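# Structural characterization, general
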Amino acid sequence: MMFRATARHPALILDDVRGAQKMLSGVARATALEGSRHLTELVGAPVHLKCENLQRTGSFKLRGAYVRISGLTPVERAAGVVAASAGNHAQGVALASSLLGVRSTVFMPVGAPLPKVAATQEYGAEVRLHGQVVDETLAAAQKYAERTGAVFIHPFDHPDIIAGQGTVGLEILEQCPEVRTIVVGIGGGGLAAGIAVAVKALRPDIRIVGVQAEGAAAYPPSLAAGHPVSLDDPVTMADGIKVGRPGDVPFTFIEELVDEVRTVSEDELSSALLLCLERAKLVVEPAGASPVAALLSDPKAFRGPVVAVLSGGNVDPLLLQRVLRHGMSAAGRYLSLRLRLTDRPGALATLLAALTVADANVLDISHVRTDPRLGLTEVEVDLHLETKGPRHCEEVEAALRAEGYRVIG
């Protein structure tokens, strides 16, 4: 399968992806394909997880970066490379450059997580912090390229980048020849475009579904308009797919080859990340969990066998803590209650004993005696509980009412 080349949209064919695969031999790992019993039961067909979160540098980005930098001329290599990224692309460029003996400079936002900054430096790049958002960081990197002659390595808008990412698609076909649907997160579109080019050339019957976060979904309006459309203010916890405008090059392939683009909410992303951690024992960043979020939101919409691409696992520990807490709340694993009881010795101990019998774990408790709304012999207790899920929440509340407790909120 080949596309008409123009100055803006160079052709990319299956042979380019196969060439990239040979180039990446011994550099990028052929990541594991793991089955998911829980998702298989939900979907009603086999579901496999393509674990690019276990790739070197923690994401698929090494593939495209290495292929792109490998293609530079000796003169271009001597000038060095520059990139802009909040994390995954930064680390991919840093490692690829080190492996190829090319000097790299990476611009990162001022607020970039410290573990990602440190990892990028350890892979050999000079890191410069600039700007509060990625767009400002990107502009600074491009100005640096113009000033110094360094080659700017775009995270998704180049045929070599797309060819490198397309090797994920070839591995999926090798590891799961019976696959019928591939679900992949979309930011700028490099990974989805590369997978689509490789897979559709060999198996046009396979359905490819892209996934975006609701607050950063530039592809649906772009596909409706027939050209890339910019979002004013993309907002999502999934920084790996938080891109305000589709890339010109990947948009061409996604428009022609990707069968559907779905969106998922922040709650669905949180629940998906929690599921990957608890059920699959895999640490995945929110962007990497987006295909799982799509499966959870509408499991019967996917024809199996299904492969969900976990694109990355570089999640900041503090964000992981917040997302897991949010995911547990979205999954109905937290219960907040306000009770009013008689203020007498042992009343609180009796309440806690009832919660023990109901098998609810107390996370936080507030005991209020001095509120003017309370009667002379009343006390109000705010409880934050960890439960086993929505049904258990109902059971806990019912058990408290059965013991005579007055639940007021």
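Up top is the structure these notes are about.
The numbers attached to residues start from 1 for each chain and follow its sequence in the written order. At least 70 in pLDDT is required for a residue's local features to be given in this predicted model, at least 80 for side-chain atom pairs to be given and counted, and no such filter applies to totals for whole chains, interfaces and linings, which use all residues. Computation of side-chain values covers all heavy atoms of the structure but excludes hydrogens and water.

We now examine unusual backbone geometry. A cis amide bond links glycine 304 with the next residue in sequence, proline 305, at an omega value of 0°. Its identity is not glycine, yet threonine 57 carries a phi of approximately 70°, on the positive side. Only DSSP runs of H or I reaching four residues or more are called helices, and only runs of E reaching two or more are called strands; each is numbered from the N terminus. Within the secondary structure, threonine 57 is located in the loop between strand E2 (47-51) and helix H3 (61-70). Note on threonine 57: relative accessible area 6%, which makes it buried. In this structure, lysine 281 is a non-glycine residue whose phi angle is positive, near 60°. Inspection of the secondary structure assignment puts lysine 281 in the loop between helix H12 (266-278) and helix H13 (290-297). According to the relative accessible area criterion, lysine 281 is exposed, its value standing at 65%. The buried label applies to any residue whose accessible area, calculated with a 1.4 Å probe on protein chains only, is under 20% of its type's maximum; exposed applies above 50%, and partly exposed to all values in between.

With that settled, consider the packing of helix H5 (residues 88-100) against helix H6 (residues 114-122). What describes two packed helices is the angle between their axes and the distance between those same axes. Fitted lines through C-alpha atoms serve as axes, helices being fitted only where they are in contact, and the angles separating the N-to-C directions of these axes extend from 0 to 180 degrees. H6 packs onto H5 with a crossing angle of 15° between their chain directions and a minimal axis gap of 8 Å. With respect to H6, the axis of H5 lies roughly parallel. In this structure, the crossing between H5 and H6 has a hand that is left-handed. Together, Ala90, Gln91 and Ala94 of H5 and Lys116, Ala119 and Thr120 of H6 make up the contact between the two elements. Note on residue classes: Ala, Val, Leu, Ile, Met, Phe, Trp, Tyr, Cys and Pro are nonpolar, Asp, Glu, Lys and Arg are charged, and everything else, Gly too, is polar. A per-class count over the contact of H5 with H6 returns 3 nonpolar, 2 polar and 1 charged. When an angle is under 35 degrees it counts as roughly parallel; over 145 it counts as roughly antiparallel; between 65 and 115 it counts as roughly perpendicular; any other value is oblique. Here a crossing is taken to be left-handed if its near helix is turned anticlockwise relative to the far helix by less than a right angle, and right-handed if that turn runs clockwise. Throughout, a residue-residue contact means that at least one pair of heavy atoms, one from each residue, lies within 4.5 Å.

To continue, consider the nonpolar core. Take the buried residues of types Ala, Val, Leu, Ile, Met, Phe, Trp, Tyr and Cys, join any two whose side-chain atoms come within 4.5 Å, and each joined set is a nonpolar core. Residues Ile69, Val81, Val179, Ile182, Ile195 and Val309 are the most contacted members of the largest nonpolar core, which totals 55 residues. Top element by residues in this core is helix H9 (residues 190-202). It accounts for 8 residues. Sequence-distant contacts of isoleucine 69, that is, excluding residues within four places in its chain, are made with Arg77, Val81, Val93, Ala96, Ser97, Leu100, Val102 and Ile153. Formed by 38 residues, the second largest nonpolar core is a distinct cluster that contains Val47, Ala238, Ile241 and Val323.

Any Phe, Tyr or Trp ring, taking Trp's six-membered ring, that has another such ring centre within 6.5 Å forms a pair; planes under 30 degrees apart are called stacked, those over 60 apart edge-to-face, and the others tilted. In total, this model carries 2 aromatic pairs according to the counting rule given. Centre to centre, the rings of tyrosine 219 and phenylalanine 251 are 6.0 Å apart; their planes meet at 25°, and the pair counts as stacked. Of this pair, tyrosine 219 sits in helix H10 (residues 219-225) while phenylalanine 251 sits in helix H11 (residues 248-257), and the two are 32 residues apart along the sequence. We note that tyrosine 219, like phenylalanine 251, is buried.

What follows concerns the side chain of lysine 116. Positionally, lysine 116 belongs in helix H6. With relative accessibility at 7%, the residue lysine 116 sits in the buried group. Among the polar contacts made by the side chain of lysine 116, one reaches the side chain of aspartate 239 at a distance of 3.5 Å. Here a polar contact means two N or O atoms within 3.5 Å. Within protein one must be a hydrogen donor candidate and the other an acceptor candidate, and residues neighboring in sequence count only if both atoms are side-chain atoms.

Attention shifts here to the sheet that holds strand E10 (residues 306-310). As summarised here, the arrangement of the 6 strands in space is E1-E2-E10-E7-E8-E9, forming an open sheet in which the pairing is mixed. Each edge of the open sheet carries a strand with a single partner, namely strand E1 (33-35) and strand E9 (260-264). Here the strands of the sheet are splayed against their neighbours by 25° on average, with no regard to which way each runs. Strands were regarded as paired on the criterion that DSSP finds at least two bridges between them. As judged from the 5 bridges shared by strand E8 (residues 207-213) and E9, these two strands associate in the parallel manner. When the bridges of E9 are listed, valine 211 appears paired with arginine 262. Most of the contacts of helix H8 (residues 159-175) go to E2, to which it runs at about 140°, and overall it touches E1, E2, strand E7 (181-185) and E10. Across the sheet, H13 is in contact with E2, E7, E8, E9 and E10; its angle to E7 comes to roughly 120°.

Further remarks concern a nonpolar patch on the surface. Put simply, a patch holds well-exposed residues, over 30% relative accessible area, that have no salt bridge, with like charges counted together within 9 Å and Val, Leu, Ile, Met, Phe, Trp or Tyr side chains within 5 Å. Residue-level accessible areas treat just the shown protein chains as cover; the underlying method is Shrake-Rupley with a 1.4 Å probe. One side-chain nitrogen of Lys or Arg within 4 Å of one carboxyl oxygen of Asp or Glu is enough to make a salt bridge. Taken together, the side chains of Leu352, Val362 and Ile365 make up a nonpolar region of the molecular surface, amounting to roughly 190 Å² of accessible area. Position of isoleucine 365 relative to the elements: it lies in strand E12 (residues 361-368).

Glancing now at the sheet that holds strand E3 (residues 81-84). In a beta sheet, neighbouring strands are held together by backbone hydrogen bonds and run either parallel or antiparallel to one another. One open sheet holds the 4 strands; their spatial order is E5-E4-E3-E6, and the pairing between them is parallel. A single partner strand is all that each edge strand has here, and the edge strands are strand E5 (126-129) and strand E6 (151-152). Strand direction decides the pairing type here: E3 and strand E4 (residues 104-108), joined by 4 bridges, are parallel. The residue of E4 that forms the bridge with valine 82 is threonine 105. Sitting on the sheet, helix H7 (residues 134-148) is in contact with E3, E4, E5 and E6, with an inclination near 165° to E3.

According to the stated counting rule, one finds 16 salt bridges in the structure shown. In this structure, arginine 262 engages glutamate 260 in a salt bridge whose closest nitrogen and oxygen atoms are separated by 2.9 Å. When its relative accessible area of 18% is taken as the criterion, arginine 262 is described as buried. Classification of glutamate 260 by relative accessible area gives partly exposed; the value is 23%. Its salt-bridge partner being arginine 262, residue aspartate 298 comes within 3.2 Å of it at the nearest N-O pair. Of this pair, aspartate 298 sits in the loop between H13 and E10 while arginine 262 sits in strand E9, placing them 36 residues apart in sequence. Three or more residues are tied together by salt bridges with common partners; here these are Lys50, Glu52, Arg63 and Glu171.

A few words now on H8. Given the number of residues in a helix, its expected span is that number minus one, multiplied by 1.5 Å. The first and last C-alpha atoms of H8 sit 25 Å apart over 17 residues, in line with the 24 Å expected at 1.5 Å per residue. Counting buried positions over the 17 residues of H8 gives 14, a clear majority of the element.

Read these as spatial facts, not as claims about activity.
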